[in-house]
Structure formats: structure tokens, C-alpha cells
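The chain contents come next:
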Amino acid sequence: MLRRQATELSPSDATVKMRFLILVAGIALMGLAVGGLTFASQGRAAKLRGQLGQVDSESFRIAAEFADYVRELNMSLYRYGAGHDAADLRWFDKTSHELDRWIDQQKPKLLTTAEQSLMQQIDTAYDKYLAVARVLVTRLESLGQQSATLAEYAGLMRESDHLSQLGQALAQAHYQSRSGLVRQANETIGQLHTLVLVSLGGLFLLGAILAFGVYRHLIAPLRLKLVESQSLLERREKLASLGLLAAGVAHEIRNPLTAIKAALFIQQKQFPPGSREHADSQLVEREILRLERIVNEFLQFARPTEPRRTEVDAVALLREVGTLLTPQLARHNIQLTVADTPALRVQADAAQIKQVLINLIQNAADAIGENGAVRLTIRATRKRLGGREQAAAVLEVSDNGKGMSPEVQQRLFDPFFTTKETGTGLGLSIAAGIIEKHGGALQYQSWPGRGTTFGIILPQATA
């Protein structure tokens, strides 16, 4: 009887095995299809990211550098019209030749037809700007030592505004090109999402248990990656919009500020020192400088620069910053000290690290107000940076001020969040971004009523 059962069950068992093999083969083919689709989509996404990075690094940089050149040319002519210093005129000639060469060098780097057409328009408009500038220089030379009036600069400002508008159009063309790449990336992700769902349906038909296992171990992680990728793309698109807004702010605010500063400079020469008019002009000058600082901080947050890292003596860097700020803090009876520590060398951009230290020290002084102490120290440690543990240096700025409440600490690095009446809320966000680009970290400890300590963690320089 047992032998008969075995004989009767044998064909059925073979059929189950065959079906199981077919099911496994179907799942394997489905898995291969999903894997191939994922690999192809990752390759496409990597290509789009490369194109996106190239557009961001070239077109936006070109528009920003062009605006800086035009602003420098205008300022050199303003200075020459006010003081008739031949050095300003030589500087104008040198900068104008540099900009002419720079325009020719940038043309091959632009990717889209719209950007190339705009750069050609900029080239033509720049030639017209130079012609107007030459006429203006001749007029200024004929004035002798007499200061020029704003009316003399009307033609120059008209051509300068036209160049600024073309620069904004170039930034807009860059943004449109970038939006096209982002749209392609979203379409690629959408296609991948659709095909993965189809694959999930096929696996479900092959078997509920195996379909659940495949969904648990393959589809769910893919969905998570898709959500993260889409969130990353949305965040980068928002940052691109912020960068475009920053460019518009720079063009719309900096040019009028430059004209106002030039006019103020001319008018200040007519006011005797100590007069009410001279005091009012100094107040206006301070407010103009504050506006420029706000615009510069906003631009630095939206368009951070890459650090140029070299081997730096961290102790010497602390002492240099301490020497620079000691007189400023002493006016508020705040003692700034630099602890004696063994020499440590780090890989960093000295100028950018100075900027972070100055920001942290000024924040510490603001937290103290009057009568306190700020201490700068440095110590060696080992930290996990860049995915691996390595030797690091911690540059600390400690104060005995009022500290920070837990509510303030939660929003400490949020852009535009500030507890100061005249602050922009970008200082710590910029500082954290600078340290992050150095491969380091910015940490802090705060005790309400006792003070705060910020630590800049940087990789030590290798021997």
C-alpha cells in the first residue's frame, strides 16, 4: 500500500517541482528585469546629475562673474570721475580687456542655444558699453580736477543696466535649462515607478508568498530610494530657485546701491567735517554698508564657494583671529584669550575658516553683551569624518554668556532664524555649510545662564 502511494505521488511531486522551477525562473526573470531596469535608470539619473552639475557650475557662474566684472568697471569710472586718479583709469582699461577676453572664453562653455545667443548679445552690448565709456572718459578728462555729476554717467548707467538685464536673462536661461533636466529626471523616476508596480503585479500572480517576499526585500527598498531621490530633486530645485532669486536680488539691489554710494561719495566732499550734513551722510553710508552685508550674506548662503584647502597651522590661525578681534571686544569689556596649545596642522581654506571663527566670536560677544570672556582653544582628537575615523582638530570658541534655551537650540541652524534685532539668520547656516564642505562638522554645547561652546572639527593634515 505504501509503495502504491509512493508510485502515485511521484508524478504529482515532479509536477510541483516543475511548477516551482517555473515559478522560480519567472521570479528570477522578473528580478533580472527589475535589476536591469534599476541599473539603466541609475545610469540615466547619473548622467542627468552630471549634466545638472555642469549647468549649475557653468551657466550660473558665468552670469555671476559677468555681473562682478561690470560692477568693477562702473566703480573704477566713478572713482576716476570723483578723484581724477590715473590709476583708476588704468584699472578700467585693464579690467575691460580682461572682460573682453573672458567673454570669448566663456562662449564654448555654454550648453544651450538660448545661452549661446544671450552671450552673443552680451558681447555686442559690451562693445556698445565700451564705446559709451570711452566718450565718458574723454568728458571726464576735460573736466580737469572738477568732480563729475551724476548726469555725466547717465549714458553709462543706461548701457550698464542693459548689460545687467542680459546677465539676468542668462541666469533665467540657465534656470530653464536646469528645469528641463529636472523634468527628464522626474520622468525617468516615474517610468521606473510604473514598471516596478507592474513587476509587483506579476510576482503576485506567480505566488502570494513569494510576491510578499520579493516586495519586502526588493520593491520596498526601491520605493524608499525613489522617495528619497524625488525629495532630493525637489530640494535641489528649491535651492536653484533660491540661487535665481539671489541673482535677481544682486542685480536689482547692488547696481542702485553702487550708484547711491557714488553719489554719496561725491556729495560728502562738499560737507565740512563736523557739520550736520556730514553726520547725516555718514549715517546713510553706514546703512548702505549694512544693506550690502545683507545682500552678500544672502548670496553666500545661496551660492557657496568651494574651499581651496591647503595645510594650515591651526594655532597660528586662532592667534591671528584673536589679534584681529581683541580691540573690538575690549570696547565692551570682553576679554578674548587664546589658550597655549601644541601645534596642530589641518587641511583647510584659511580665509573661510577665519570667516567661521569671526562669526562665532561675534556671536559669543553678542551673547555676553558687556563684561565677560571669550576663550579660543584647540585640541587633537579622533572623529568619524567622511565615513571613516581619522585624526582631527577641534577649534573651540567658548563664552560665559547667557547660553541658549532648548527652543533656540532646536532652530539654531535654520536659515533666516535669528534672535538678534539686526541679524539675518544666515551666519550659522553659512558657517555650517563651509565646515561641511571641508569634510568636517560644527558642534555646540550650551548651558542656559552659563555660556556656550562651539567646536569646529576639521581633519588634521597628514604627515
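What counts and what doesn't
- Residues numbered from 1 in each chain as written.
- Predicted model: local features only at pLDDT ≥ 70, side-chain atom pairs only at ≥ 80, totals over all residues.
- Heavy atoms only, no water.
- Helix = DSSP H or I, 4+ residues; strand = E, 2+ residues; numbered from the N terminus.
- Buried < 20%, exposed > 50% of the residue type's maximum accessible area, 1.4 Å probe, protein only.
- Contact = heavy atoms within 4.5 Å.
- Areas by Shrake-Rupley, 256 points an atom, 1.4 Å probe, with all protein chains shown as cover.
- Polar contact = N/O pair within 3.5 Å; in protein donor to acceptor, adjacent residues only side chain to side chain.
- Expected span 1.5 Å × (residues − 1).
- Axes fitted to C-alpha atoms, helices over the stretch in contact; angles between N-to-C directions.
- Parallel < 35°, antiparallel > 145°, perpendicular 65-115°, else oblique.
- Left-handed = near helix turned anticlockwise from the far one by under 90°.
- Nonpolar A, V, L, I, M, F, W, Y, C, P; charged D, E, K, R; others polar.
- Core = buried A, V, L, I, M, F, W, Y, C linked by side-chain atoms within 4.5 Å.
- Salt bridge = Lys/Arg side-chain N within 4 Å of Asp/Glu carboxyl O.
- Pairing = 2+ DSSP bridges.

K.L.:
Now, about the overall build of the protein chain: what can you tell me, with residues and values included?
P.N.:
The helix and strand tally for the protein chain stands at 10 helices and 7 strands. Residues counted as buried form 40% of the 463 residues belonging to the protein chain. Summarising the internal contacts of the protein chain: among those between residues at least 6 apart in sequence, 75% fall at separations of at least 24. Here the protein chain has roughly 26000 Å² of accessible surface; of this, 57% comes from carbon and sulfur atoms.

K.L.:
Break down the side chain of Ser-275 for me, citing the residues and quoting the values.
P.N.:
Mapped onto the secondary structure, Ser-275 falls in the loop between helix H5 (208–268) and helix H6 (276–302). A relative accessible area of 16% means that Ser-275 is categorised as buried. A distance of 2.7 Å separates a polar atom in the side chain of Ser-275 from the backbone oxygen of Pro-272.

K.L.:
Any chance you could break down helix H8 (residues 350–368) for me, citing the residues and the numbers?
P.N.:
Relative to the 27 Å expected for 19 residues at 1.5 Å per residue, H8 spans 27 Å between its end C-alpha atoms, a close match to the ideal helical length. Among all positions of H8, only Gln-352, Ile-353, Val-356, Leu-357, Asn-359, Leu-360, Ile-361, Ala-364, Ala-365 and Ile-368 are buried. With a side-chain oxygen lying 3.2 Å from the backbone nitrogen of Ala-351, the N-terminal cap of H8 falls on Asp-349.

K.L.:
Give me the packing of helix H7 (residues 314–330) against H8: which residues, what numbers.
P.N.:
Running from N to C, H7 and H8 point in directions that differ by 40°, and their axes come no closer than 10 Å. Taken together, the axis directions place H7 and H8 in an arrangement best described as oblique. Two packed elements cross with a definite hand, and for H7 against H8 that hand is right-handed. Taken together, the residues of H8 that come into contact with H7 (itself represented by Leu-317, Leu-318, Glu-320, Val-321, Leu-324, Leu-325, Gln-328 and Leu-329) are Ala-350, Ile-353, Lys-354, Leu-357, Ile-358, Ile-361, Gln-362 and Ala-365. Of the residues assigned to the contact of H7 with H8, the class counts are 12 nonpolar, 2 polar and 2 charged.

K.L.:
Could you give an account of the nonpolar core, naming the residues involved and the relevant values?
P.N.:
Formed by 39 residues in total, the largest nonpolar core has its most connected members in Leu-357, Val-374, Leu-395 and Ile-456. Of all the secondary structure elements, the ones that give two or more residues to this core are H7, strand E2 (334–338), strand E3 (345–348), H8, strand E4 (372–385), strand E5 (388–399), helix H10 (427–437) and strand E7 (451–459). Counting 33 residues, the second largest nonpolar core, distinct from the first, contains Tyr-78, Leu-99, Trp-102 and Met-119.

K.L.:
Outline the pattern of salt bridges, listing residues and values.
P.N.:
Following the criterion strictly, the structure yields 10 salt bridges and no others. Notably, a salt bridge pairs Glu-396 with Arg-379, separated by 3.1 Å at the nearest N-O pair. On the criterion of sequence distance, the pair formed by Glu-396 in strand E5 and Arg-379 in strand E4 is long-range, its members being 17 residues apart. On the basis of relative accessibility, which here comes to 16%, the residue Glu-396 falls in the buried class.

K.L.:
Account for the environment of Leu-77, with residues named and values stated.
P.N.:
Here Leu-77 lies in helix H1 (residues 2–83). Between the alpha carbons of Leu-77 and Leu-156 there is a distance of 9.5 Å; along the sequence they are 79 residues apart. Beyond its immediate sequence surroundings of up to four residues, Leu-77 is in contact with Phe-92, Ala-133, Leu-136, Val-137, Leu-140, Tyr-153 and Leu-156.

K.L.:
Mind laying out the pairing of E4, listing which residues take part and the relevant values?
P.N.:
Of the strand pairs in this sheet, E2 and E4 are connected by 5 bridges, and their pairing is parallel. Residue pairing in the sheet places Gln-335 in a bridge with Ala-373 of E4. Sheet topology note: the E4/E5 ladder contains 12 bridges and is antiparallel. Pairing of Thr-377 across the sheet is with Glu-396, part of E5.

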